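Spelled out from the first residue to the last, the chains are:
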Amino acid sequence: MTRITVIGAGFGALTAIRKLRAADRDLAIDVIAPRPELVYYPSTIWIPTGLRTPEDVVVDLKPFFERQGVTYHQASVTGLKAAGRVVLTDAGEVANDGLIIASGGRFLKKLPGIEHAITPCEGVEAAVRIRDRLAGMEGGTIAFGFAGNPKEPAAMRGGPIFEFMFGIDQHLRKRGDRDRFKLVFFTPAPKPGNRLGPKAVEGLLREMKRRDIETHLGHKLKGFEADKVTTEGGEFAADLIVFMPGMTGNAWFDKTDLPRSDGGLLQANASCQVTGQDKVYVAGDSGSFPGPDWLPKQAHMADLQAEAAVANLLGELQGKAPSHTFKAELICIVDTRTSGILVKRTETRSVILPSTPVFHWAKRAFEWWYLRQYR
């Protein structure tokens, strides 16, 4: 019996499982992840303002695994051997005939004092910390920012910061004490959100100005203190710091011979095959893929890459050369808690549609539609 191992339990991993099972009911599928749960990160933006609870955005995957007939291994990966045919974990070894790595990325935590900042996409616990800190504040300065991996321009996830910021602004207005708070947005990039397209940059800056959100742009970050953000262009006080650093590869990659990009991710080709590796594929934040410099690190892209990875891996098992590629496409709704801005970008066009409540409700509807397959 052919055995495929999928590492991870996020968007790319779960799409890979669905596509593998749909293609072959008899295929043996092993899944390795520390916890049998999916965190629906797009909705964590609503936890600090009470629109969602942790229970709303965490899905128990055990029923899904049972329906798909997969073998789940609750473990953390520690390395590979036998050219990827054996996965090493802290709970034993898992052999395979083909491997799909979708174990996500890791945030860079090198800035001095970064422990004073909350990184919201690290998990539900981080969003809860923001919620609890916000609930205890009667005024002050809240700083929102993001940065990238200087060696891997695509290894960043700045979009959610805009959503946390706009959502908290809206929440404070609803609470009736927005005038007691100063909101500051900061990033080393002179044009924040440029990967969304030039029109998106203009729209986001215009929205910040309309909401009286101050900006500190284009200055390299030097570090954080409990009550301060310091950059090469100066410093400013902050009572709460919400910051998304750049991303790199998982620590266990260092225990393998897999090729890496300059930024520490797994080097992949357009077919999502790890370069030079036999029947080893990657999808989502773990990989460095060819494509435009705005190629996003988002769930939609991970899903598309997982589909290509599955098609090519199954083809390889049948003696075929990899031929499937993924579409470079960025699509998101920048949510403000009561409305949303639709942004879509492909290699041929860029579209941004004005803020409207319709897009907020569309984002909520998509959440239900997407998660129904895993609940």
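Just so we're clear, the structure is a prediction, and the values are computed from it rather than from any experiment. (Residues numbered from 1 in each chain as written. Predicted model: local features only at pLDDT ≥ 70, side-chain atom pairs only at ≥ 80, totals over all residues. Heavy atoms only, no water.)

Quick rundown of a nonpolar patch on the surface? Include the residues and the values.
A contiguous nonpolar surface patch, about 390 Å² in accessible area, is contributed by Phe366, Trp368 and Trp369. As for its position among the elements, phenylalanine 366 is in helix H8 (residues 357–371). On the basis of relative accessible area, phenylalanine 366 is assigned to the partly exposed category, the value being 41%. (Patch = residues over 30% accessible without salt bridge, like charges linked within 9 Å, V, L, I, M, F, W, Y side chains within 5 Å. Areas by Shrake-Rupley, 256 points an atom, 1.4 Å probe, with all protein chains shown as cover. Salt bridge = Lys/Arg side-chain N within 4 Å of Asp/Glu carboxyl O. Helix = DSSP H or I, 4+ residues; strand = E, 2+ residues; numbered from the N terminus. Buried < 20%, exposed > 50% of the residue type's maximum accessible area, 1.4 Å probe, protein only.)

Give me helix H6 (residues 198–210): which residues, what numbers.
When the terminal C-alpha atoms of H6 are compared, their 19 Å separation across 13 residues agrees well with the 18 Å that a helix rising 1.5 Å per residue should span. For H6, every residue scored as buried is listed here: Ala200, Val201, Gly203, Leu204, Glu207 and Met208. For H6, the angular spread of buried residues about the axis comes to 170°, placing them on one side. Summarising the geometry of H6, the exposed residues directed more than 90 degrees from the buried face are Pro198, Lys199, Arg206, Lys209 and Arg210. (Expected span 1.5 Å × (residues − 1). Arc of directions from axis to C-beta.)

Describe the sheet that holds strand E8 (residues 92–95), with residues and values.
Read from one edge of the open sheet, three strands run E6-E7-E8, paired in antiparallel fashion. Here the strands that pair on one side only, and so sit at the sheet edges, are strand E6 (77–81) and E8. Averaged over all adjacent pairs, the angle separating strand axes in this sheet is 25°, with direction ignored. Where strand E7 (residues 86–89) meets E8, four bridges bridge the pair, whose relative direction is antiparallel. Its bridge partner being in E8, threonine 89 is matched across the sheet by glycine 92. (Pairing = 2+ DSSP bridges. Axes fitted to C-alpha atoms, helices over the stretch in contact; angles between N-to-C directions.)

Outline the nonpolar core, listing residues and values.
With 97 residues, the main nonpolar core has Leu20, Leu61, Ile101, Ile142, Phe144 and Phe162 as its most contacted residues. Among the elements that make up this core, the one with the highest residue count is helix H7 (residues 299–317) (nine residues). (Core = buried A, V, L, I, M, F, W, Y, C linked by side-chain atoms within 4.5 Å.)

So what's going on with the pattern of salt bridges? Residues and values would help.
With the rule as written, the count across this model stands at 23 salt bridges. Among the salt bridges present, the one from aspartate 285 reaches arginine 157, with a minimum N-O distance of 2.1 Å. In this pair, aspartate 285 sits in the loop between strand E20 (280–282) and strand E21 (287–288) while arginine 157 sits in the loop between strand E11 (140–146) and helix H5 (159–175), placing the two residues 128 residues apart along the sequence. Taking the relative accessible area as the measure of exposure, aspartate 285 reaches 13% and is therefore buried.

Explain the pairing of strand E14 (residues 221–225) residue by residue, including any values.
Where E14 and strand E15 (residues 228–231) come together, four bridges link them in antiparallel fashion. Looking at E15, one finds that phenylalanine 224 is bridged to valine 229. Linking E14 to E15, which pair antiparallel, is a turn of two residues.

Can you break down the sheet that holds E20 residue by residue, with the values?
Across the sheet, which stays open at both edges, the five strands sit in the order E5-E2-E1-E9-E20 with parallel pairing between neighbours. For this open sheet the edge positions go to strand E5 (71–74) and E20, each flanked by a neighbour on one side alone. Taken over all neighbouring pairs, the strand axes of this sheet differ in orientation by 20° on average, direction set aside. Two strands pair when backbone bridges link them, and strand E1 (residues 3–7) and strand E2 (residues 28–33) are joined in this way by five bridges, in the parallel orientation. Counterpart to valine 6 in the pairing with E2 is valine 31. Across the sheet, helix H1 (residues 11–23) is in contact with E1, E2 and strand E9 (98–101); its angle to E1 comes to roughly 160°. With respect to the sheet, H7 is in contact with E1, E9 and E20, its orientation differing from that of E20 by roughly 175°. (Contact = heavy atoms within 4.5 Å.)

Can you explain the packing of H5 against H6? Please cite residues and give values.
Relative orientation of the contacting elements H5 and H6 amounts to 25°, with a least axis distance of 11 Å. When the axes of H5 and H6 are compared, the pair comes out roughly parallel. Seen along the crossing, H5 lies across H6 with a hand that is left-handed. Residues Phe162, Met165 and Phe166 of H5 form the contact with H6, whose own contacting residues are Leu204, Glu207 and Met208. (Parallel < 35°, antiparallel > 145°, perpendicular 65-115°, else oblique. Left-handed = near helix turned anticlockwise from the far one by under 90°.)

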